[in-house]
Every structure is written in structure tokens, then in C-alpha cells.
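# Fold and geometry: a report
Listed below are the residues making up each chain.
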Amino acid sequence: GGGPVGSAAEDGAPPAPQRVLFPPTFSVSEIKNKQRRHFMFLRWKQQQRKEKLAARKKRRKEREALGDEAPPKAIPKTIENQRVYDETTVDPNDEEVAFDEATDEFAPYFNRQTVPKILITTSDRPRGRTVRFCEQLSTVIPNSHVYYRRGLALKRIIPQCIARDFTDLIVINEDRKIPNGLVLSHLPDGPTAHFRMSSVCLRKEIKRKGKEPTEHVPEVILNNFTTRLGHSVGRMFASLFPHDPQFVGRQVATFHNQRDYIFFRFHRYIFKSEKKVGIQELGPRFTLKLRSLQKGTFDSKFGEYEWIHKRREMDTSRRKFHL
């Protein structure tokens, strides 16, 4: 618009420079016009990026000039390494934890007394995507059987599973034809975990995927399950797979916990040479977030809960994690 800038130009003064210099107390959010505010915000971000890049270049030059005498690189701050200490973090040498693990519901599996046998079922009358996801999940977990539910209550399915020697029950729930929840119940005595499921990617949606998985027992990797609760959840996942992985198949199932989100990936190793190893994703992939952990088998009415995620009470800090 007009105003003092226009008059300065008419008096023969040099035009104002293009670079935007914000006053120290100025906030972009004060600008009332939405488009102008967005434009100024982008400009401010650009300026910040330039300054950051310049500082990085300067630091690099200083390091090169100092050579061997350069100070060690600073460790970047991340939400993970700034994590609030959790008093339930498990010490590998803790005798109490060792005793609990020797006597918990998963002990027969870890002592090799039981062989996993899993029933994968769905919410009532599943649709296409959930059906395909269950089929693909059954190729990842050995000795698993898919059953499509039609009007049968979980309370009636569980006794039948126990009678037929199933060790675990997985229920995939869906909303608007999209899988959105997973209930994992260890039989016959529990516990039962309820997860929110998101980012489900079926095989055909994964780019550069490998050939179909073989029937070899995969290796299982559990990352970052550090607290008592995390240990329980990790043991639940471990007990879905037979004890002795067949490394010949080169298949690996990973449950990676990061900031309480559990990322599942299924890969195959590709040995290019003696030193070089590549990995090829086979799929499916999905993300889980623990909602609750319940003692005993599935019982939504009278079940006793060991842990329930209460967002308003528990999520007070972005650096506090429970697994």
C-alpha cells in the first residue's frame, strides 16, 4: 500500500531492503489477515532455516580447521534420550523380575512346555481389507488359523479355543472397513491386551516388496521394551512365535517400541556377499498403541485391569513413556 514507504521513495531515498526484519517482540500470530499471516510465517521459517544452515557451515569449517583437536560432536537432543525416568524400568539382574517371569502366565512357553497355536479372528462380519489383513498375518505367525466371525460372542469362542489347545487368541477389530484395533488374549489364564491399530499396510501396497514369505519359522526381534509393563507386552508378542527360528528362511518379525508406539515390520535378509547384507520388506506392516492390559481372558464387564491408558492423567509430559 501507500504510506511512509511510498513517500520515502518519492524523496529520492533508497528503497527499503527486501529482507524482513521482525521487531524483537513481534509475533506472526498478531497479523489478522490469514493469507498475510501464512506468507509471513513461511518467510520467517525460511529465514530460520538459512540461519541454521549458516551456523552449521560455520561449525563444520571450524572443525575442519581444528582437525584432530576438534571437540567431540554433541549428541542431539531427542524425545527418546530426554525420556523421563520410569521407576519400573527393568534391571536385567533383578531377582524379583526373574522370579515373576519364572512364574507368570508365559512361563510354560518360555520353558518349552507349550507350543504356540494361535486363532486369528475378526470383529463381526468383516469386510475385504480386514479379511486380507488376517490372511497375511496368518502367513507371518506360524501355526495360526483364521476364523471369520459371524454373530458369535468372544465369551463363547474362548472356551472353545481352550478346549482345542489354542495358546493365544488375536481379534482384529475394524471401523468403516479399516482395521483399527487388536485384542491379544493369552489362553487359558490371560492376560489380555487391547491395542489401537493404525497405519495398516497390506503386501500389495508396499513398494519394492519381496516374494511371498515361506513357511519357515521367523526370528523375532523385540526392541525397547524396558519397563515392567513393556516386558509383559514383549513376552506376549514373543509367545506367539515358536521357540526355535529357522534361520534358513532368513525371515525376521520385528516389534519396535518407540515413544509407546509399537511398529511391526516383517523382513527377509538378503545376503549379497560375506560382508554385505540387505533387507527386503515382505509385509504386512502396522502400528499398535497399548490401550489396556487386563488380567485373565477377555472380559469387558468384570475384568480386572492391570493397566489402562488414561490420556488426561498419564500424558502430562511428552517425554513420559510407559513401555
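Bear in mind the structure is a predicted one, so any value in this text is a computation, not a measurement. (Residues numbered from 1 in each chain as written. Predicted model: local features only at pLDDT ≥ 70, side-chain atom pairs only at ≥ 80, totals over all residues. Heavy atoms only, no water.)

Another point: the overall build of the protein. From N to C terminus, the protein includes eight helices and eleven strands. Relative to a compact globule of 323 residues, whose C-alpha radius of gyration would be 20 Å, the protein shows 27 Å and is clearly more extended. With respect to the three principal axes, the spread of C-alpha positions in the protein is 95 × 55 × 45 Å. When the 323 residues of the protein are sorted by exposure, 34% land in the buried category. Partitioning the contacts of the protein with sequence separation of at least 6, the portion at a separation of at least 24 is 65%. Summing over all exposed atoms, the protein offers an accessible surface of approximately 21,300 Å²; the carbon and sulfur share of this is 51%. Where the 60 positive side-chain charges of the protein centre and where its 39 negative ones centre are 10 Å apart. (Helix = DSSP H or I, 4+ residues; strand = E, 2+ residues; numbered from the N terminus. Rg over C-alpha atoms; globule rule 2.2 N^0.38 Å. Buried < 20%, exposed > 50% of the residue type's maximum accessible area, 1.4 Å probe, protein only. Contact = heavy atoms within 4.5 Å. Areas by Shrake-Rupley, 256 points an atom, 1.4 Å probe, with all protein chains shown as cover. Lys, Arg positive; Asp, Glu negative; His and termini not counted. Charge placed at Lys NZ, Arg CZ, Asp CG, Glu CD.)

A word on the environment of H186. Note that H186 resides in strand β4 (residues 178-186). Classification of H186 by relative accessible area gives buried; the value is 6%. A C-alpha to C-alpha distance of 6.9 Å links H186 and T297, two positions 111 residues apart in sequence. Setting aside chain neighbours within four positions, we find H186 in contact with E105, F106, T167, D168, P191, M236, S239 and T297.

Below, the discussion takes up the state of the cysteines. Scanning all chains against the criterion turns up zero disulfides. In this model C161 remains outside any disulfide bridge; the closest cysteine sulfur is found in C134, 14 Å from its own. Its relative accessible area of 3% is what places C161 among the buried residues. (Disulfide = S-S within 2.5 Å.)

Right, let's talk about helix α5 (residues 128-140) for a bit. Spacing of three or four residues puts side chains on the same side of an α-helix, whose turn is 3.6 residues. Across its 13 residues, α5 extends 19 Å between first and last C-alpha, which sits within 8% of the 18 Å expected from 1.5 Å per residue. Among the residues of α5, those classed as buried are T130, F133, C134, Q136, L137 and V140. (Expected span 1.5 Å × (residues − 1).)

Now for the pattern of salt bridges. According to the stated counting rule, one finds eight salt bridges in the structure shown. With a closest N to O distance of 2.9 Å, D104 and R235 form a salt bridge. With D104 in the loop between α3 (95-103) and α4 (107-110) and R235 in helix α7 (residues 228-238), this pair connects stretches of sequence that are 131 residues apart. Owing to a relative accessible area of 11%, R235 belongs among the buried residues under this scheme. A cluster of three or more residues bridged by salt bridges with shared partners is formed by E101, D104 and R235. (Salt bridge = Lys/Arg side-chain N within 4 Å of Asp/Glu carboxyl O.)

Worth remembering: the numbers are spatial, not functional.
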